[in-house]
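Listed here are the chains, written in short residue letters.
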Amino acid sequence: MSPVVVTPAVLRDWPLPAPGESKHARGQVLVVAGAAATAGAVLLAGEATLRAGAGKLALATVDRHVAVLGAAVPESAVTGLRELDGSVAPDAAADLKGSLESCDVLLAGPGFLDPDAAGELCGRLLEQVQSPVVLDALATAYLVDHPDALRRLEGRAVLNLNPGELARLGEREEALGPDEVGAVAGAVAERTGAVVLCGGTEKLVAAPDGRCWVIQGGGPGLGVSGSGDVQAGLIAGLVARGAEPEQAAVWAAHLHARAGERLAARLGTVGYLARELLAEIPQVLGEVG
């Protein structure tokens, strides 16, 4: 199936659900993220969910960051989780039972640093969650050995990956060439039953049923620490407000790319910061919709 090149016209013909009038109508995102060294990833991903239109936000991360994140993201509720060697302890998933039951979307992975801890934690989260799921970066490590773990969600999952992470899930030992990304993303989407968004010089979204979209542009400035955390949050925020997983992934990729272009035009091709993307998102949404 030939990929669809995403343009503003394509998106206008595929509009997002109208935003609800109350915060409850636009959904609650639970972000399970971060480690001792990565409080910023939690902030970026969490704020991005709200910039995309989610109504409520809950953050869960290592206990040491609760105070700073509570002050930095006053719009959120923040839960501290037990820590093991600088990462969220896998058995802390049991402490999130109530949060998992009340959330409309789970986003897991931004700022995770230990693949083994991330995989074990995500396995325990996926055993409990009933809502749609967005897995970012190292949170996808669990799927390498458990590719069917998302099947019970019946297509309500998105994987936010870079080319290296996609290669790992695609069981490729070498880096993917640009002409290989589409085929591998499609194979991973089919095997896991999840929508796959892979970033790079251009972004690609693959759905389990074989549909594929290409989002061009964005520029090299998006290759900066924290940028992927922002994109993951955008996906989760759009799902919270009612978008289907593949629509949320395509729109998030477009918003992320256009926000980068806006900053590049004002500040320079490279040198802007991931946190500066956040304020651009509502304006890009308004331009398309």
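Use the structure listed above.
Residues numbered from 1 in each chain as written. Predicted model: local features only at pLDDT ≥ 70, side-chain atom pairs only at ≥ 80, totals over all residues. Heavy atoms only, no water.

## Notes on the overall build of the protein
This is how the line gets drawn: Every helix listed is a DSSP run of H or I at least four residues long, and every strand listed is a run of E at least two residues long, numbered separately from the N terminus. The reference for a compact globule is 2.2 Å times residues^0.38; the radius of gyration itself is calculated from the C-alpha atoms. Contact between two residues is taken to exist if any of their heavy atoms lie within 4.5 Å; hydrogens are not considered. Here the Shrake-Rupley method, with its probe set to 1.4 Å, supplies the accessible areas, and only the displayed protein chains count as covering residues. Neither His nor the chain termini are counted; the positive set is Lys and Arg, and the negative set is Asp and Glu. For the purpose of locating charges, the reference atoms are NZ of Lys, CZ of Arg, CG of Asp and CD of Glu.
Scanning the protein from N- to C-terminus turns up twelve helices and twelve strands. The C-alpha atoms of the protein give 17 Å as radius of gyration, which agrees with the globular expectation for 289 residues (19 Å, within 12%). Projecting the C-alpha coordinates of the protein onto the three principal axes gives extents of approximately 45 × 40 × 35 Å. Restricting the contact set of the protein to residue pairs at least 6 apart, pairs at least 24 apart contribute 67%. Element-wise, carbon and sulfur atoms account for 51% of the exposed surface of the protein, whose accessible area totals about 11,900 Å². With 22 positive and 35 negative side-chain charges, the protein shows a separation of 6 Å between the mean positions of the two kinds.

## Here's the deal with the environment of Gly268
Put simply, the rule reads: Exposure is judged per residue with a 1.4 Å probe applied to protein chains only, and the accessible area is read against the type maximum: over 50% gives exposed, under 20% gives buried, and values in between give partly exposed.
Relative to the assigned elements, Gly268 resides in the loop between α10 (245-267) and α11 (274-277). For Gly268, a relative accessible area of 22% puts it in the partly exposed group. Counting along the chain gives 47 residues from Gly268 to Gly221, while the straight-line C-alpha distance between them is 8.3 Å.

## Let's talk about the packing of helix α2 (residues 39-51) against helix α9 (residues 227-240)
What counts here: Every axis in this analysis is a line fitted to C-alpha atoms, fitted for helices over the stretch in contact. Angles between the N-to-C directions lie between 0 and 180 degrees. Crossings are assigned a handedness: left-handed for a near helix turned anticlockwise from the far helix by less than a right angle, right-handed for a clockwise turn. Residue classes follow a fixed rule: Ala, Val, Leu, Ile, Met, Phe, Trp, Tyr, Cys and Pro count as nonpolar, while Asp, Glu, Lys and Arg count as charged, and any other residue, Gly among them, counts as polar.
Between α2 and α9, whose axes approach to 7 Å, the crossing angle comes to 35 degrees. Crossing hand, α2 versus α9: right-handed. Counting all contacts with α2, which are made through Ala41, Leu44, Ala45, Ala48 and Thr49, the residues of α9 involved are Asp229, Val230, Gly233, Leu234, Ala236 and Gly237. Classifying every residue of the contact of α2 with α9 by side-chain character gives seven nonpolar, three polar and one charged.

## Observations regarding the sheet that holds strand β10 (residues 195-198)
Spelled out, the test is: Two strands qualify as a pair provided that DSSP identifies no fewer than 2 bridges between them.
Read across the open sheet, the ten strands follow the order β1-β12-β11-β10-β9-β8-β7-β2-β3-β4; overall the sheet is mixed. What marks the edges here is a single partner per strand, and that holds for β1 (4-5) and β4 (76-81). Its contacts with the sheet place α10 against β9 (157-161), β10, β11 (203-206) and β12 (212-215), and it is angled at close to 10 degrees to β12.

## What about the packing of α9 against α10?
The cut-off we apply is this: Roughly parallel means an angle under 35 degrees; roughly antiparallel means over 145; roughly perpendicular covers 65 to 115; every other angle is labelled oblique.
Put simply, α9 and α10 touch, their axes get as near as 8 Å, and they point 140 degrees apart. The orientation of α9 with respect to α10, classified from their angle, is oblique. Relative to α10, the crossing made by α9 is right-handed. Residues Ser227, Val230, Gln231, Leu234, Ile235, Leu238 and Val239 of α9 form the contact with α10, whose own contacting residues are Pro245, Ala248, Ala249, Trp251, Ala252, Ala253, Leu255 and His256. For the contact of α9 with α10, the residue count by class is twelve nonpolar, three polar and no charged.

## Describing the side chain of Glu246
Tracing the sequence through the fold places Glu246 in helix α10. Taking the relative accessible area as the measure of exposure, Glu246 reaches 16% and is therefore buried. Those residues in contact with Glu246, other than ones at most four positions away along the chain, are Trp14, Val195, Val205, Arg211 and Trp213.

## Digging into the pattern of salt bridges
Basically, it comes down to this: Salt-bridge detection follows one rule: a side-chain nitrogen of Lys or Arg within 4 Å of a carboxyl oxygen of Asp or Glu.
Tallying each qualifying case throughout the model produces 13 salt bridges. A salt bridge links Arg266 to Glu280; its shortest N-O distance comes to 2.6 Å. Placement of the pair is Arg266 in helix α10 and Glu280 in the loop between α11 and α12 (281-288), with a sequence separation of 14 residues. Using a relative accessible area of 52% as the deciding quantity, one classes Arg266 as exposed. In this structure Glu280 comes out as buried when scored by relative accessible area, which is 4%. The structure contains a network of salt bridges with shared partners spanning Arg262, Arg266, Glu280 and Glu287.

## A closer look at the environment of Ala157
Looking at where Ala157 falls in the secondary structure, it is placed in strand β9. Of the residues examined, Ala157 reaches a relative accessible area of 2% and is grouped as buried. Taking the C-alpha atoms as reference points, Ala157 and Ala194, separated by 37 residues in sequence, lie 4.9 Å from one another. Among residues more than four places away in sequence, those in contact with Ala157 are Val133, Leu150, Ala194, Val195 and Pro245.

## Some details on unusual backbone geometry
The phi dihedral of Asp85 is positive, around 55 degrees, even though this residue is not glycine. Tracing the backbone shows Asp85 in the loop between β5 (83-84) and β6 (87-88). Residue class for Asp85 comes out exposed when judged on its relative accessible area of 76%. For Glu171, which is not glycine, the phi torsion reads 60 degrees and is therefore positive.

## Quick notes on the pairing of strand β8 (residues 133-136)
As a reminder of what qualifies: The definition of a right-handed crossover adopted here requires that, viewed with the strands pointing away, the path from the first strand over the helix to the second runs clockwise.
Along β8, one buried face is formed by Val133 and Leu135 and the opposite face, lined by Val134 and Asp136, is buried too. Bridge count for strand β7 (residues 105-108) against β8 is three bridges, and the pairing is parallel. Looking at the pairing, Leu107 lines up with Val134 of β8. Viewed along the sheet, the connection from β7 through helix α5 (residues 115-128) into β8 turns out right-handed. Two elements, β8 and β9, share four bridges in a ladder whose sense is parallel.

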